Amino acid sequence: MTSLMAPPGAERSLDALADLVADGDVVVLSGAGLSTESGIPDYRGETGRARRSVPMTYQAFTGAAANRRRYWARSHLGWRHVERAEPNAGHRAVAELQRRGLVSGIITQNVDGLHQAAGAGGVIELHGALGRVLCLGCGRRTPRAELHERLSAANPGWDAAADTVNPDGDADLEGELIDAFHVVDCPACGGILKPDVIFFGENVPRPRVAECFGLTERAGTLLVLGSSLTVMSGYRFVRRAAELGIPVAIVNRGATRGDADARTILDAPLGAALTALVGLVGRTDSAG
């Protein structure tokens, strides 16, 4: 078996996880910990503990032009990093399990689009996607690449380097570089442009939440990958599965808020664990 470099008992947990996954109808709920091996840090896990950045809230973003200038300057810089990120072994393993018909749905709290880049389909992006831009005036959605070109044209000679990039694509940047940055508005109506993601202080649209609940309620297993489940946005689906007696399995580095609801917990690196899982399920299938 592939070495997981994980605590004692990890291989037994992996075997138990493989038994659940082999039964099919698995719904994946993924968080930022799944993308750290692609170079995108998380807020609360191992890569998040050293950062002191406070995420932009919806109220701050919409309330002041200075806040929007600060956000877009930092995000314009950070987007270069997110755009170059590639799916890792964990994303590819999830896509492979879906291809084999074992994963029936994917709910992600991530906004990086890496599940789709790995070949997964039908992904519900609970918190939206950094690759799209939304106009708060007319509701028009456009590709992020288009806005990136417009911001680059509006800021000739503006140059900065990112020392730290946060999970939402926000790079650490302060001072004169922010003050010198020019923001652009919607080319159709002149409205405020916002990344098509759910900011802190903003609610996930009800139809999207209902779709995720429906998927969870039809699941054979809810498989949580790389999420601490600290915020209710994702944890509510774990609670619902537990209420219905649907097995919950968690693969994460460190403890999570949902551990008490889980039937199987595997504390291990996500890429290695999920690659090993695909191998185990393959042998199970072959054995009939």
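These remarks concern the structure in this document. Bear in mind that the values here come from a model prediction, so they are computed numbers and not experimental data.

### Focus on the overall build of the chain
The number of helices and strands found in the chain is 10 helices and nine strands. Looking at the chain alone, contacts between residues at least 24 apart form 72% of all its contacts between residues at least 6 apart. With the model as given, the accessible surface of the chain reaches about 12900 Å², and the carbon-plus-sulfur share is 49%.

### Points about the sheet that holds strand 7 (residues 221-225)
The strand order across the open sheet formed by six strands is 3-2-1-7-8-9, and the pairing between neighbours is parallel. The open sheet has two free edges, formed respectively by strand 3 (123-125) and strand 9 (264-267), since each of these has just one partner strand. Each neighbouring strand pair of the sheet contributes to a mean axis angle of 15°, computed without reference to strand direction. Two elements, strand 8 (residues 248-252) and strand 9, share four bridges in a ladder whose sense is parallel.

### Notes on the packing of aromatic side chains
Overall, the coordinates contain six aromatic pairs when judged by the stated rule. Centre to centre, the rings of Tyr 71 and Trp 72 are 5.3 Å apart; their planes meet at 80°, and the pair counts as edge-to-face. The pair Tyr 71 / Trp 72 is uniform in exposure class, with both members buried. With a centroid separation of 4.9 Å and 65° between ring planes, the pair formed by Trp 158 and Phe 181 is classed as edge-to-face. In this pair, Trp 158 is assigned in the loop between helix 6 (144-154) and helix 7 (176-179) and Phe 181 in the loop between helix 7 and strand 6 (193-197), connecting sequence segments 23 residues apart. Here Trp 158 and Phe 181 have matching classes, each one buried. Every member of this aromatic cluster is reached through a ring pair, and the members are Phe 61, Tyr 71, Trp 72 and Phe 199. Above the ring of Phe 199, the side-chain terminus of Lys 194 is found at 4.7 Å from the ring centroid.

### Here's the deal with empty space enclosed by the protein
This structure, assessed with the given rule, holds one cavity of 30 Å³ or more. The volume enclosed by the largest cavity comes to roughly 50 Å³. Forming the boundary of the largest cavity are Val 133, Arg 140, Thr 142, Glu 146, Leu 147, Arg 150, Pro 187 and Leu 193. No other element matches the three residues that helix 6 contributes to the lining of the largest cavity. Of the residues belonging to the lining of the largest cavity, the class tally is four nonpolar, one polar and three charged.

### Regarding the packing of helix 3 (residues 65-84) against helix 6
Direction vectors running N to C along helix 3 and helix 6 enclose 120°, while the axes themselves pass 11 Å from each other. Classed by the angle they form, the pair helix 3 and helix 6 counts as oblique. The handedness of the crossing between helix 3 and helix 6 comes out as left-handed. Taking contact as the criterion, the partners of Trp 72, Ser 75, His 76, Trp 79 and Arg 80 in helix 3 are, on helix 6, Arg 144, Leu 147, His 148, Leu 151 and Ser 152.

Calculation criteria
- Residues numbered from 1 in each chain as written.
- Predicted model: local features only at pLDDT ≥ 70, side-chain atom pairs only at ≥ 80, totals over all residues.
- Heavy atoms only, no water.
- Helix = DSSP H or I, 4+ residues; strand = E, 2+ residues; numbered from the N terminus.
- Contact = heavy atoms within 4.5 Å.
- Areas by Shrake-Rupley, 256 points an atom, 1.4 Å probe, with all protein chains shown as cover.
- Pairing = 2+ DSSP bridges.
- Axes fitted to C-alpha atoms, helices over the stretch in contact; angles between N-to-C directions.
- Phe/Tyr/Trp six-rings, centres within 6.5 Å; stacked < 30°, edge-to-face > 60°.
- Buried < 20%, exposed > 50% of the residue type's maximum accessible area, 1.4 Å probe, protein only.
- Lys NZ or Arg CZ within 6 Å of the ring centre and 35° of its normal.
- 1 Å grid on protein atoms, 1.4 Å probe; cavity = no way out; pocket = protein on both sides within 12 Å on 5 of 7 lines; lining within 4 Å.
- Points joined across faces, edges and corners; volume = space filled by probe spheres on them.
- Nonpolar A, V, L, I, M, F, W, Y, C, P; charged D, E, K, R; others polar.
- Parallel < 35°, antiparallel > 145°, perpendicular 65-115°, else oblique.
- Left-handed = near helix turned anticlockwise from the far one by under 90°.

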